[in-house]
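Read off the chains here:
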Amino acid sequence: MDRALLVIDLQNDFYPNGSLAVPNGDEINNTINKLMKSGRYKAIVATQDWHPKNDKSFASTHNRKPFSEYNQGGIGPVLWPDHCVQNTKGAEFHPDIESEKFNLIIRKGYHYKVDSYSAFYENDGSNLGLAGYLQELNIDKVCIAGLALDYCVKYTALDSVKSGFDTTVVISATKAIEQDPKKLQKILDEMKNKGVTFKE
Ligand code: VGL
Ligand code: ZN
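This structure is a prediction, so every number in the text was calculated from the model and none was measured. (Residues numbered from 1 in each chain as written. Chains lettered and ligands numbered in written order. Predicted model: local features only at pLDDT ≥ 70, side-chain atom pairs only at ≥ 80, totals over all residues. Heavy atoms only, no water.)

## Focus: the site of ligand 1
Stated formally: One heavy atom within 4 Å of a molecule or strand is enough for the residue carrying it to be called near that molecule or strand. Counted as a polar contact is a pair of N or O atoms within 3.5 Å, where, for protein atoms, one must be capable of donating a hydrogen and the other of accepting one, and residues adjacent in sequence contribute only when both atoms are in side chains. Using a 1.4 Å probe, accessible areas were evaluated by the Shrake-Rupley method; residue-level cover was limited to the displayed protein chains.
In the neighbourhood of ligand 1, the contacting residues comprise Asp 9, Phe 14, Leu 20, Asp 49, Trp 80, His 83, Tyr 117, Leu 147, Ala 148, Tyr 151 and Cys 152. With respect to ligand 1, the backbone of Ala 148 contributes an N or O atom lying 3.1 Å from an oxygen atom. In the model, an oxygen atom of ligand 1 is placed 3.0 Å from a nitrogen or oxygen of the Cys 152 main chain. Relative to its unbound accessible surface of 260 Å², ligand 1 loses 100% to contact with the protein.

## Some thoughts on the layout of surface pockets
Note the cut-off: Of the two site types, the cavity is a set of points on a 1 Å grid over the protein atoms alone where a 1.4 Å probe fits but cannot get out, and the pocket is an open set with protein on both sides within 12 Å along at least five of seven lines, each lined by residues with an atom within 4 Å of a point. Grid points are joined across faces, edges and corners, and a volume is the space filled by probe spheres set on the points. Under the DSSP-based scheme used, a helix requires at least four consecutive residues in state H or I and a strand at least two consecutive residues in state E, with every element numbered from the N terminus. Just so you know the grouping, Ala, Val, Leu, Ile, Met, Phe, Trp, Tyr, Cys and Pro go in nonpolar, Asp, Glu, Lys and Arg go in charged, and all remaining residues, Gly too, go in polar.
There is about 440 Å³ of room inside the largest pocket. The wall of the largest pocket is formed by 21 residues, among which Pro 77, Tyr 117, Tyr 151, Lys 154 and Tyr 155 lie closest to the centre. The element contributing the most residues to the lining of the largest pocket is helix α3 (residues 149-162), with 7 residues. Of the residues assigned to the lining of the largest pocket, the class counts are 9 nonpolar, 6 polar and 6 charged.

## Observations concerning the coordination of the zinc ion (ligand 2)
The condition that has to hold: Only nitrogen, oxygen and sulfur atoms qualify as donors, provided they sit within 2.8 Å of the metal or within 3.2 Å for Na, K and Ca; with water excluded from the atoms, sites may seem incomplete.
At 2.0 to 2.2 Å from the zinc ion (ligand 2) lie its protein donor atoms, namely Asp 49 (OD), His 51 (NE2) and His 83 (NE2). Expressed as a motif, the donor residue spacing for the zinc ion (ligand 2) is D-x1-H-x31-H. In this pair, His 51 sits in the loop between β2 (43-49) and β3 (104-108) while His 83 sits in the loop between β2 and β3, placing the two residues 32 residues apart along the sequence.

## Concerning the sheet that holds β3
Defined as follows: Should DSSP find at least two bridges between two strands, the strands are regarded as paired. Only the stretch in contact is used when a helix axis is fitted, and all axes are lines through C-alpha atoms; the angle between N-to-C directions ranges over 0 to 180 degrees. Any two residues having at least one pair of non-hydrogen atoms within 4.5 Å are treated as being in contact.
Taking strand neighbours across the sheet as the criterion, the 6 strands line up as β3-β2-β1-β4-β5-β6 in an open arrangement whose pairing is parallel. Edge positions in the sheet fall to β3 and β6 (197-199), since each has one partner strand and no second. Ignoring strand direction, the axes of neighbouring strands in this sheet form an average angle of 25°. Examined bridge by bridge, strand β1 (residues 3-8) and strand β4 (residues 141-147) share 6 bridges and lie parallel to one another. Residue pairing across strands places Arg 3 opposite Lys 141, the latter belonging to β4. The strands touched by helix α1 (residues 29-37) within the sheet are β1, β2, β4 and β5 (166-175), with β5 carrying the most contacts at an inclination of about 140°.

## Structural notes on the nonpolar core
As a rule of thumb, nonpolar side chains are buried together in soluble globular proteins. Short version of the rule: Throughout this description, the term nonpolar core refers to a set of buried Ala, Val, Leu, Ile, Met, Phe, Trp, Tyr and Cys residues connected via side-chain atoms within 4.5 Å. Summary of the burial criterion: residues with accessible area below 20% of their type's maximum are buried, those above 50% are exposed, and those between are partly exposed, where the area comes from a 1.4 Å probe applied to protein chains only.
Counting 58 residues, the largest nonpolar core has Ile 32, Leu 134 and Met 191 as the members making the most contacts within it. If you list the elements that add at least two residues to this core, you get β1, α1, β2, α2 (130-136), β4, α3, β5 and α4 (181-193). When residues in this core are grouped by element, the largest group, 6 residues, is from α3. Setting aside chain neighbours within four positions, we find Met 191 in contact with Leu 149, Lys 154, Ala 157, Leu 158, Val 169, Val 196 and Phe 198.

See the structure below:
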């Protein structure tokens, strides 16, 4: 089987001290670097969340508080703190991640009006071209790591299954925004029911 590793949104703003910090996000760096060096992957694809200023997914754009509920037209289910604004430090890859190993970087979230949690399709269904890239390389198995498990990793994994790839999320190489274990388990169960497998 030819495999790809997708590393999702390993950008400063998703790390502790970042504007949309994922708790303990920095704990996955070693594991991710090791995976990238393992030689198991024919391609390593990184995503880079890449929002314009005043993005419609930002709470500040609506004069609302971060994490307030909002669910319409490809935005939501909540509004986010400003994060990963194009050409800012927060949008750069974390300095401890060996980003020279990335074969391809997919930017997403760059349309003011539509967010993109998945590396495959924007929230309105627009194609980001990743499935075609992987198919051209005869890749049949996709392993997914990165931030955050309950948003961009989850939606990338679901689209990967839908695109026909054998899809595994590497649990030791991802962290979630959600900290309630029961709610997180529900999210993992949903992924499993839709065909995603997990490995430590
Ligand atoms: C993400 C919320 C907004 C993620 C990106 O990478 O999971 N979450 N933008
Ligand atoms: Zn975002």
